[in-house]
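Commentary on secondary and tertiary structure
The residues making up each chain are set out below.
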Amino acid sequence: MAALLIGGGAAAFAVAWRPAIAAIEPPAPKSFDPALVKRGRDLAALGNCTDCHTVRGGKTFAGGLPVPTPFGTIYSSNITPDADTGIGTWSQAAFRRAMRSGINREGQHLYPTFPYDHFTNVTDEDDDALYAYLMTRPAVHAPTPANQLSFPLDQRFVVAGWKLLFLRRGTYAPDSAQTAEWNRGAYLVEGLAHCGSCHTPRNALGAERAGASFAGGDVDNWNAYAINARSPSPVPWDTAALFSYLRQGWHPDHGVARGPMAEVVSNLSSVDERDVHAIATYMTSVFGAPTPDQMRRGNEVLAKAKAPAVPASQTEVPGASIYAAACATCHETGRPVPYGGVNLGLSTAISGPDPRNVANIVLSGIRPVEGERSPIMPGFANSMTNDQVAAVLNYLRSRFSNQPAWTGVEKTIEEARRTQTVSLQTSPPPHNAPADPTQRDKP
Ligand code: HEC
Ligand code: HEC
Ligand code: HEC
């Protein structure tokens, strides 16, 4: 792989060079139109800029978040208007170039951890609104830590080879056969909202696999499920369910968004509702119409979930007694939110391809969203041993899905315990929609 990259990098060397764009005096915040700034604020939420550019408890947009990749750790940049350590001296043209082509003001290539393979679809107008928003934030002096990459990947020109292979430049071209709403959704999903950066599997060089869009990917030890025709969801998704999940963070037939997806929906709860609806509309067509088989299974699972709970029979199956004692009280009694969990027959996590997400949920629980009547589940990391968690996971899989048993459950649980502590240290702070909806419109 390294050889391929060196080869590609060398071949691309001639085209790798990009000129610096002259530094400017940081523009006065007053010079930006407030309406443009406000639009930029919504666009930044749609693009999850804070999730990567803010460390937990740190200053907003000051960067320094370590983003782990299979190639090493890349630190997000300070994108506040600080002249020394941020983008204060970047002109609008320099910012547009970074979003469109992944090149910094000095002319160096940026690593595609910054999802410019999607941001390249963003229009100049939207880039200018983002620029206005960022340039009117408080400047924070915070040098970005050096990346931890080994040679040759630590050489930024190598990225030029990657771009030749994988970067398709150009803004989103609307499909005239589709509605305006569908096109708006497609523009956002494929561009700024970069849904595929988590939900599409990647190849050995870290690029999204062509022809496998939305077929399921990995992020921070979570499985970002397939959200196309291969969706493992027991109940097929429709536009209304997608809208509710993306806007409110949950839906009664699908449960709650957790982990990295919780951050995404927390951002989506603060933007123009019509944009979230457009995303749901476009994603419905990406999922495609469910097959008769998927419909039948969905109806079966829903009917079972709504039927009165049968008292758990005394079985000898390992895990069954733990489930009956520790879980069924919330998951099978039809209790209302915040303590009522979905019937686990509806859970995508349990029907998913691997046990990572369920392990994360059972160990860490689900934290309430501040100021909202949102679902709560306790974490069992301190009260259950790995063997007990494994027994419950295997039991859930056999009782609540029609899929074959998972392999490597024990290893997954160890890994989940390990990354749990890491993510507690590094994940960005929750930035939920302000409780007062009128606050939403204030940039
Ligand atoms: C998935 C994580 C992620 C998201 C989401 C993300 N970025 Fe970044 N961004 C990064 C990383 C990592 C870098 C540093 C790349 C490098 O050093 O090559 C970066 C670099 C940048 C840079 C270059 C700064 C410099 O000094 O070179 C800009 C500008 C930027 N991001 C803006 C944005 C904006 C605007 C958004 C939201 C629309 C955004 N980013 C969303 C991870 C992210
Ligand atoms: C930072 C990574 C990330 C991004 C970006 C992201 N997702 Fe997700 N998504 C996830 C993860 C991880 C899960 C699984 C969460 C869970 O188990 O609760 C998920 C779950 C989902 C689900 C639930 C699927 C099911 O069957 O339960 C839907 C629908 C979804 N995402 C849609 C989207 C859309 C649409 C976008 C873009 C607007 C998006 N995601 C962007 C990581 C991401
Ligand atoms: C205090 C009530 C409570 C207890 C006890 C509880 N849960 Fe939960 N659980 C919830 C709530 C609330 C949710 C979030 C709503 C949802 O997604 O179902 C949830 C979600 C889940 C999910 C995700 C379902 C999905 O949407 O994919 C799984 C899996 C799960 N719980 C498993 C367990 C297991 C296993 C136990 C016992 C070891 C347990 N829960 C104990 C309340 C509880």
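In this report, we go over the structure that sits alongside the text. (Residues numbered from 1 in each chain as written. Chains lettered and ligands numbered in written order. Predicted model: local features only at pLDDT ≥ 70, side-chain atom pairs only at ≥ 80, totals over all residues. Heavy atoms only, no water.)

Quick word on the overall build of the protein chain
Heads up, the rule is: Secondary structure is summarised from DSSP: a helix means a run of H or I of at least four residues, a strand means a run of E of at least two, and numbering begins at the N terminus for each. Accessible area is worked out with a 1.4 Å probe on protein chains only. A residue is then buried under 20% of its type maximum, exposed over 50%, and partly exposed in between. Contacts: residue pairs with any heavy atoms within 4.5 Å of one another. Every accessible area reported is derived by Shrake-Rupley at a probe size of 1.4 Å, with residue values counting cover from the shown protein chains alone.
Each helix and strand in the protein chain was counted, giving 20 helices and 7 strands. Residues classed as buried in the protein chain amount to 51% of the 443 residues present. Here the contacts in the protein chain between residues at least 6 apart in sequence split such that 69% fall between residues at least 24 apart. With the model as given, the accessible surface of the protein chain reaches about 21,500 Å², and the carbon-plus-sulfur share is 58%.

Considerations on the coordination of the iron atom of ligand 2
We apply this condition: Because water is not among the atoms used, a metal site may look incomplete, as its donors are only the N, O and S atoms within 2.8 Å, or 3.2 Å for Na, K and Ca. When four donors show all angles between 85 and 135 degrees the site is tetrahedral, when four or six donors have opposite pairs over 155 degrees and all other angles between 65 and 115 it is square planar or octahedral respectively, and in every other case it is irregular.
Coordination sphere of the iron atom of ligand 2, protein contribution only: His 199 (NE2) and Met 261 (SD), at 2.0 to 2.3 Å. Between the 6 donor atoms coordinating the iron atom of ligand 2, the angles at the centre fall across 87 to 178°, so the site counts as octahedral. Here His 199, found in helix α10 (residues 196–199), pairs with Met 261, found in helix α12 (residues 260–268); they are 62 residues apart in sequence, far enough to count as distant. On the basis of relative accessible area, His 199 is assigned to the buried category, the value being 11%.

Let's talk about helix α9 (residues 180–190)
Considered for burial, the residues of α9 that qualify are Trp 182, Asn 183, Gly 185, Ala 186, Tyr 187, Leu 188 and Val 189. The inward-facing, buried residues of α9 abut α3 (34–46), α7 (124–135) and α13 (273–287).

A short note on the packing of helix α11 (residues 239–248) against α12
The geometry of a pair of packed helices is captured by two quantities: the angle between their axes and the separation between those axes. Put simply, the rule is: The axes are straight lines fitted to the C-alpha atoms, using for helices just the contacting stretch, and the angles between their N-to-C directions are given from 0 to 180°. If an angle is under 35 degrees, it is roughly parallel; if it is over 145, roughly antiparallel; if it lies from 65 to 115, roughly perpendicular; otherwise it is oblique. In this classification, Asp, Glu, Lys and Arg are treated as charged, Ala, Val, Leu, Ile, Met, Phe, Trp, Tyr, Cys and Pro as nonpolar, and every other residue, Gly included, as polar.
As a packed pair, α11 and α12 sit with axes 6 Å apart at the nearest point and diverge in direction by 90°. Taken together, the axes of α11 and α12 are roughly perpendicular relative to one another. Counting all contacts with α11, which are made through Tyr 245, Leu 246 and Arg 247, the residues of α12 involved are Met 261, Val 265 and Leu 268. Looking at side-chain class alone, the contact of α11 with α12 contains 5 nonpolar, no polar and 1 charged residues.

Things to note about the side chain of Thr 120
Put simply, the test is: Under the rule applied, a polar contact is a pair of N or O atoms within 3.5 Å (in protein, one hydrogen donor and one hydrogen acceptor; residues adjacent in sequence only if both atoms are side-chain atoms).
You can see Thr 120 is positioned in the loop between α6 (116–119) and α7. Polar contacts involving the side chain of Thr 120 include one to the main-chain amide nitrogen of Gly 170, which spans 3.5 Å. Non-local contacts of Thr 120, meaning those with residues more than four positions away in its chain, are made with Met 99, Arg 100, Leu 167, Arg 168, Arg 169, Gly 170 and Thr 171.

Structural notes on the environment of Glu 208
Here Glu 208 shows up in the loop between α10 and β4 (217–219). Taking the C-alpha atoms as reference points, Glu 208 and Phe 166, separated by 42 residues in sequence, lie 8.4 Å from one another. Not counting chain neighbours up to four residues away, the residues in contact with Glu 208 comprise Asp 117, His 118, Gly 196, Ser 197, Thr 200, Pro 201 and Arg 202.

Describing the coordination of the iron atom of ligand 3
Summarising the metal site, the iron atom of ligand 3 is bound by the protein donors His 331 (NE2) and Met 377 (SD), whose distances to it range over 2.0 to 2.2 Å. One way to put it: the 6 donor atoms around the iron atom of ligand 3 meet at angles of 86 to 179°, and that makes the site octahedral. Here His 331 is found in helix α16 (residues 328–331), whereas its partner Met 377 is found in the loop between α18 (356–364) and α19 (386–400), with 46 residues between them in sequence. The two residues His 331 and Met 377 agree in class, both being buried.

Side note on the site of ligand 2
Condition: The cutoff for a nearby residue is simple: one of its non-hydrogen atoms must lie within 4 Å of the molecule or strand.
As a matter of local geometry, ligand 2 sits amid 26 residues, with Cys 195, Cys 198, His 199, Arg 258 and Met 261 nearest to it. Here an oxygen atom of ligand 2 and a side-chain polar atom of Trp 237 are 3.0 Å apart. Taken together, the elements giving at least two residues each to the shell around ligand 2 come down to α10, β5 (222–224), α11, α12 and α13. Of the residues belonging to the shell around ligand 2, the class tally is 19 nonpolar, 6 polar and 1 charged.

Regarding the site of ligand 3
So the rule is basically this: Residue ranges labeled as domains rest on an automatic or database domain assignment.
Within the structure, ligand 3 sits among 29 residues, and Cys 327, Cys 330, His 331, Ser 347 and Met 377 are positioned closest to it. Contact between ligand 3 and Val 256: an oxygen atom at 3.1 Å from a main-chain N or O atom of the residue. Elements represented by at least two residues in the shell around ligand 3 include exactly β7 (255–256), α16, α17 (348–351), α18 and α19. In terms of domain composition, the shell around ligand 3 takes at least three residues from each of domain 2 (180–200 + 210–287) and domain 3 (310–426).

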